[in-house]
Amino acid sequence: MNVNEKIKALRTEMKRIGVQAYIIPSADAHLSEYVATHWQGRAYLSGFTGSAGTLVVTETESGLWTDGRYFIQAESELAGSEVQLFKMGQSGVPTITEYLANTLQEGSCVGFDGKVLAASNVLEMLKTFEPKKIKVCGEHDLLDSIWTDRPAIPSTDVFIHETKYTGYSCADKLNMVRQEMKKSNLNGYVLTSLGSIAWLFNVRGDDILFNPLVVSYALVLEESAYLFVDSHRLSDEVTNYLTTNGVTLKEYDEIDEILASSVVSGRILCPLETVNYYLYHVLVNHEGAEVVAGFDLVNNLKAVKNETEIKNTHNAQVKDSCALVGAMQEIYEKLDAGELVTEYDVREILEVYRRRQPLNYGSSFGAIVAYGANAAMMHYNPTKEKCSVIEKKGFLLIDSGGQYLDGTTDITRTFVLGKLTEEEKIHYTLVLKGHINLSKAVFQKGCSGGNLDILARQPLWSHGLDYRCGTGHGVSYFGGVHEGPQGFRLTQTVPLQPGMMTTNEPGVYEAGRHGIRIENTLLVVEKCATEYGEFYEFETISYFPIDTKAIIVEMLNDEELAWFNQYHQKVVETLSPHLTGKALEWLKREAIQLSR
């Protein structure tokens, strides 16, 4: 079936259950950013393959809501279907809730699978729908009726992330969580976020591509802790580790039964942004439980890396950078020899070099290898069947990362392959200036990424340019490459703390022409304490040359030029002991000093 035929089939099912609209988000039952194929229903129905977006189907219309990272990609992938693109955040574009409230008649019903929508989203809908008496129904997963070959929920083997990598045992972390619970007089805490569960219980798996996570739920009480994961996935070693650390094991589908039982009582933390509506509804109807809306306690704890995690991440970053040097040396060598090289070939070469590194566990996401105008699509995804041949002119943007038992990496470079236009050089230099501005920031305790985001944008704003996304995101530790709660974006309010890792990745994206991005990972560290307070700064922990061939040196001020040269010196000093032969020669050619 094509997209329109699938939507027609969905409307038939909508009519059967009596709903006038149906919502299909990108999320799974754990509201993950990246999801297993079982939950990729929005992509299946709409044809839009980006990682973020929501499809809404009414009796007569259908629309896809996505953010600025995907506007170009969505327009391309939705072409020829009935699905209309709604560009989130743009002037005059309604939110999904506003659209439904304005479009549906009084007394209508909006359907969805209650396991894949956040409780907060549904509660917002109910409030907005109230004047028109629009109801909601979260009882039906209609995808099961029309997606005949739908993949099963993944259930790979679970393994333990050892304490030599994590710094703390599962029991240690449970104690930390209970201390936080005590501060808010909580009797229990429901966890559904896979990253939080992986961190808290020191468990990992292969349930989601590029994300070493385990499909599971968890419940932490004052004197006990439950992990809901199918038992056939657990070896004796894993079972023994968890039970020894005070964990009671239950099957994955027993979560609602336990939440509705006498085991749960008192004040129960239910983070509305991360707990799905189905489980929230179970708790709300529990007479002995008081639902406390709040933030995910583990999300805050794991964002601040401990000493072991920081030391290990440094090691992972060095290994990853060495892999990149080797890969890029080979790629340039092939291009110089006149060999045909595609974007997909580059992606495969990157994977090979990362796999050779000790403790590597694959890539942290599908590498964005975008040549020329393709790079204007922020999350461009080349495939073997659909990719461009790389020529020796213009830009090649590579955004990639690795998973290692000792850390997760994410880095972007825009490489010069040949002749550039003056506009391309100006845009590249402006992006570099923004990147440097943020990298060398000194800021007072209490500042958030929202306070600092402007530093990266200001050089672009001064030329009437901007990018439709945040400047950076938190980075996990052998988990999902994107991690909250910290980040760099204008609306970010979470204070930055020593130990937090956040990417710095300003860019320029000109549809049909080029895309430019420079990305490193920054670690928040203490700077000094004075009579005016405590001050922090960033340590750049990514080590890879920034292409000098597109830089207009005259546009850099003295401080920016000094930062750049110091950074390149650090890259050479850090990587040289780990490289030999052609790779070392390539590094020294690329990580050169600039002068006026």
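Note that the structure is predicted; figures quoted are calculated from it, not measured.

1. Describing the environment of Q357
Then, number 1: Mapped onto the elements of the fold, Q357 is located in the loop between α15 (343-355) and β15 (360-363).
Then, number 2: Remark: the alpha-carbon pair of Q357 and E162, spanning 195 residues in sequence, is separated by 19 Å.
Then, number 3: Every residue in contact with Q357, bar those within four places of it in the chain, is listed here: K319, C322, A323 and Y404.

2. What about the side chain of E590?
Then, number 1: Along the chain, E590 falls in helix α19 (residues 581-590).
Then, number 2: Setting aside residues no more than four positions away along its own chain, E590 makes contact with P545, T548, K549 and H568.

3. Quick notes on the sheet that holds strand β12 (residues 247-250)
Then, number 1: Taken in spatial order, the 6 strands line up as β12-β11-β10-β8-β13-β14 in an open sheet, and their pairing is mixed. Each of the sheet's edge strands pairs with one partner strand only, and the pair in question is β12 and β14 (289-292). Strand-to-strand twist in this sheet, taken as the mean axis angle between neighbours without regard to direction, amounts to 20 degrees.
Then, number 2: The pairing of strand β8 (residues 188-191) with strand β10 (residues 217-221) spans 4 bridges and is antiparallel. In the sheet register, Y189 faces β10, and the bridge partner there is V220.
Then, number 3: Sheet strands in contact with helix α9 (residues 194-201) are β8, β10, β11 (225-228) and β12, and its direction is about 55 degrees off that of β10.

4. Some thoughts on the domain arrangement of the protein
Then, number 1: When the domains of the protein are assigned, the result is domain 1 (3-145), domain 2 (159-302) and domain 3 (307-591).
Then, number 2: Distance from the C-alpha centre of domain 1 to the C-alpha centre of domain 2: 29 Å.
Then, number 3: Taken together, the 20 residues of domain 1 in the interface contact 18 residues of domain 2.
Then, number 4: Carbon and sulfur atoms supply 65% of the area buried between domain 1 and domain 2, which totals about 1400 Å² over both sides.
Then, number 5: By the criterion of area lost to domain 2, the three top residues of domain 1 are H30, K115 and A119, representing 36% of everything that side buries.
Then, number 6: Linking domain 1 to domain 2 there are 0 salt bridges.

Rules of the game
- Residues numbered from 1 in each chain as written.
- Predicted model: local features only at pLDDT ≥ 70, side-chain atom pairs only at ≥ 80, totals over all residues.
- Heavy atoms only, no water.
- Helix = DSSP H or I, 4+ residues; strand = E, 2+ residues; numbered from the N terminus.
- Contact = heavy atoms within 4.5 Å.
- Pairing = 2+ DSSP bridges.
- Axes fitted to C-alpha atoms, helices over the stretch in contact; angles between N-to-C directions.
- Domains from an automatic or database assignment.
- Buried area = accessible area lost by both parts, 1.4 Å probe.
- Salt bridge = Lys/Arg side-chain N within 4 Å of Asp/Glu carboxyl O.

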